[in-house]
Amino acid sequence: MSPLDRIANVSILKQHEVDKLYKVENRPTSSTSDQFCFLVRPRIKTMKYIADIINADKMAGRSRKYKIIFSPQKFYACEMVLEEEGVFGDVSCDEWSFYLLPLDDDIISMELPEFFRDYFLEGDHRWINCVARALQLLNSLYGPFSKAYGIGRCAKMSYELWRDLEEESESDSQGRKPEIGNIFLMDRDTDYVTALCSQVVYEGLVDDTFRIKCGSVDFGPDVTSSDKSIKVLLNSQDKVFSQIRNEHFSSVFGFLSQKSRNLQAQYDRRRGMDIKQMKNFVSQELKGLKQEHRLLSLHIGACESIMKKKTKQDFQEMIKTEHSLLEGFDIRESTSFIEEHIDRQVSPIESLRLMCLLSITENGLIPKDYRSLKTQYLQSYGPEHLLTFHNLKRIGLLTEQSPGETLTAVESKVSKLVTDRAAGKITDAFNSLARKSNFRGISKKLGLIPRVDGEYDLKMPRDMAYVFSGAYIPLSCKIIEQVLERKSWLGLEEVLRLLNGNEFSVTESAGEDSPAWESQRIILTVFLGGCTFSEIAALRFLGKEKGYKFIFLTTAITNSARMMEAMIETKA
């Protein structure tokens, strides 16, 4: 499902005289229509596709009107490409400022999956303006936000640009009672570990297995037990899904079987009914029961399909390896498991993910291991992945340990450059080269690995670690919890030093900090570079425990596979 489907489906577009819908592809479109309207993201590749279509029409002597609507905004580079291709005079351009797509009651997505690669790998700042404008829009509707916290260079830049836009617009939000009191901005590179871990909450597993797109999932014949695929919208309107989405997968089957027994009991009630009661049952309850029954069978089918796929992939063994890496035990055995995974050619994405997790948790791989794993990977999956390794090194996901002195020297040089705002853009892409993950130190300071006597109770979890089977509390969520508890970054100086800083905390106006204000319990959490369903589940749990309500704004929903795919370079 695409963002457009969530707003206007095909039937609505046809009512407004849209004849046919096409995907913009690198081939001339065969259509008799005299008008073409392109609704596109501002990408250079797309501009070349459009130019090819227009030039093909010119060659064939066909005359049409062409309109390009850029969403969320138009970039000068796109117009330049159209000019170079000789079609700029043939098109009219417009902008659709579509920044926010609500996926659920508490999740808003900007649907910019390219943000992660563009900013964190390429050092491209163009999407920051979109983030600032999205914040401006939310502030005008639900603000003013009285407190702002953030960590990361991108978070800082987005916040500063948003404040500049607010000053320019002179919006009349002062004196208005806010609905959202706090905002917390976080860069994805503050916490790569959480995004690299296998998800075990139900919604995360569904995303990892079937890919949730724009809040919707395609369940294939293996789930539907028929020869058809079904598109299902996964949100709080789905009564079955809303109760299991944040649960650890081990608890889901028990819940679904109990639910099916309850449903059967409700159906069985009709046996002793008279005519009047039966009439009421049919008119008021039957439709709802049938809908619930349909959803229940789909989620049971999804669980069975997940179980089959995960059993094939040695899922338990993989989870055990991940937990060892997070805790810092049995590193040799874990490295051997990763080597075996590569040699068996289980999955290029999964192999990369495990290598990245090993690298980040160990603060880089020792040169011997780095060379060995890289050689085995290239031999197993092809030499075209050389560029992928370059990308992973550049972004700081898969690095080789260097002698301490050299790294410190590079680190100090880069940090000097980073302090110079003018050099910020240049250093962005190279900053991660000198960055150390410091995961072990951060984990110790924040207590990310819970100490548990006996078995961790996943049905009645005591903390956010349940989203990773009790083995690890997501770093991103722990930071948010600590800052909200302290109402500032005070006391977290050592953690910030290990995280490479760039934190900020701003109180917009005094007097609004009264606990009586309901808005102070509502926190807009902004993830720049993507957010996982595991983090959403963990923060929902924290909200229940501490009386907060979290609203999530993310550039896109992400997971380990999407992160790795963004880094993969298979074309020279």
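Residues numbered from 1 in each chain as written. Predicted model: local features only at pLDDT ≥ 70, side-chain atom pairs only at ≥ 80, totals over all residues. Heavy atoms only, no water.

- In the nomenclature of an unreviewed UniProt entry, the protein is known as Vacuolar protein sorting-associated protein 33B of Apteryx owenii.
- Here the protein is described in UniProt, under the heading Sequence similarities (unreviewed entry), as follows: "Belongs to the STXBP/unc-18/SEC1 family." (UniProt positions renumbered as here; feature names shortened; annotations may be inferred.)

## A word on the packing of aromatic side chains
One pair of aromatic rings is described through two measures. These are the centre distance and the angle between the planes.
Next, step 1: Considering all chains together, one arrives at 23 aromatic pairs under this definition.
Next, step 2: Look at Phe 249 and Phe 253: their rings are 6.1 Å apart centre to centre, the planes differ by 65°, and that puts the pair in the edge-to-face class. Taken as a pair, Phe 249 and Phe 253 lie in helix 12 (residues 249–268) at a separation of four residues, close to a single helical turn.
Next, step 3: With a relative accessible area of 11%, Phe 249 lands in the buried category.
Next, step 4: A relative accessible area of 33% places Phe 253 in the partly exposed class.
Next, step 5: Cluster of aromatic residues (ring-pair linked, three or more members): Phe 115, Phe 116, Tyr 119, Phe 120 and Tyr 192.
Next, step 6: Sitting over the ring of Trp 162, Arg 163 keeps its end group 4.8 Å from the ring centre. (Phe/Tyr/Trp six-rings, centres within 6.5 Å; stacked < 30°, edge-to-face > 60°. Helix = DSSP H or I, 4+ residues; strand = E, 2+ residues; numbered from the N terminus. Buried < 20%, exposed > 50% of the residue type's maximum accessible area, 1.4 Å probe, protein only. Lys NZ or Arg CZ within 6 Å of the ring centre and 35° of its normal.)

## Points about a nonpolar patch on the surface
Next, step 1: A cluster of nonpolar side chains, contributed by Ile 7, Leu 39 and Trp 96, occupies part of the molecular surface with about 250 Å² of accessible area.
Next, step 2: Assignment of secondary structure puts Trp 96 in the loop between strand 3 (91–95) and strand 4 (101–102).
Next, step 3: Classification of Trp 96 as partly exposed rests on a relative accessible area of 32%. (Patch = residues over 30% accessible without salt bridge, like charges linked within 9 Å, V, L, I, M, F, W, Y side chains within 5 Å. Areas by Shrake-Rupley, 256 points an atom, 1.4 Å probe, with all protein chains shown as cover. Salt bridge = Lys/Arg side-chain N within 4 Å of Asp/Glu carboxyl O.)

## Quick notes on the environment of Ala 195
Next, step 1: By the secondary structure assignment, Ala 195 is in helix 8 (residues 192–196).
Next, step 2: You can call Ala 195 buried: its relative accessible area is 2%.
Next, step 3: Remark: the alpha-carbon pair of Ala 195 and Met 563, spanning 368 residues in sequence, is separated by 8.0 Å.
Next, step 4: In contact with Ala 195, not counting residues within four places along its chain, are Arg 188, Thr 532, Asn 559, Ser 560 and Met 563. (Contact = heavy atoms within 4.5 Å.)

## Considering the sheet that holds strand 3
The strands making up a sheet associate through backbone hydrogen bonding, with each pair oriented either parallel or antiparallel.
Next, step 1: What the three strands build is an open sheet, ordered 1-2-3; its pairing is parallel. Sheet topology places strand 1 (35–40) and strand 3 at the edges, where each strand pairs with a single neighbour. Averaged over neighbouring strand pairs, the angle between their axes works out to 20° when direction is ignored.
Next, step 2: Judged from the five bridges that link them, strand 2 (residues 65–70) and strand 3 form a sheet pairing that is parallel. For Ile 68, the partnering residue across the bridge sits in strand 3 and is Cys 93.
Next, step 3: Helix-sheet contacts for helix 3 (residues 44–59) involve strand 1, strand 2 and strand 3, and the interaxial angle to strand 1 is about 170°. (Pairing = 2+ DSSP bridges. Axes fitted to C-alpha atoms, helices over the stretch in contact; angles between N-to-C directions.)

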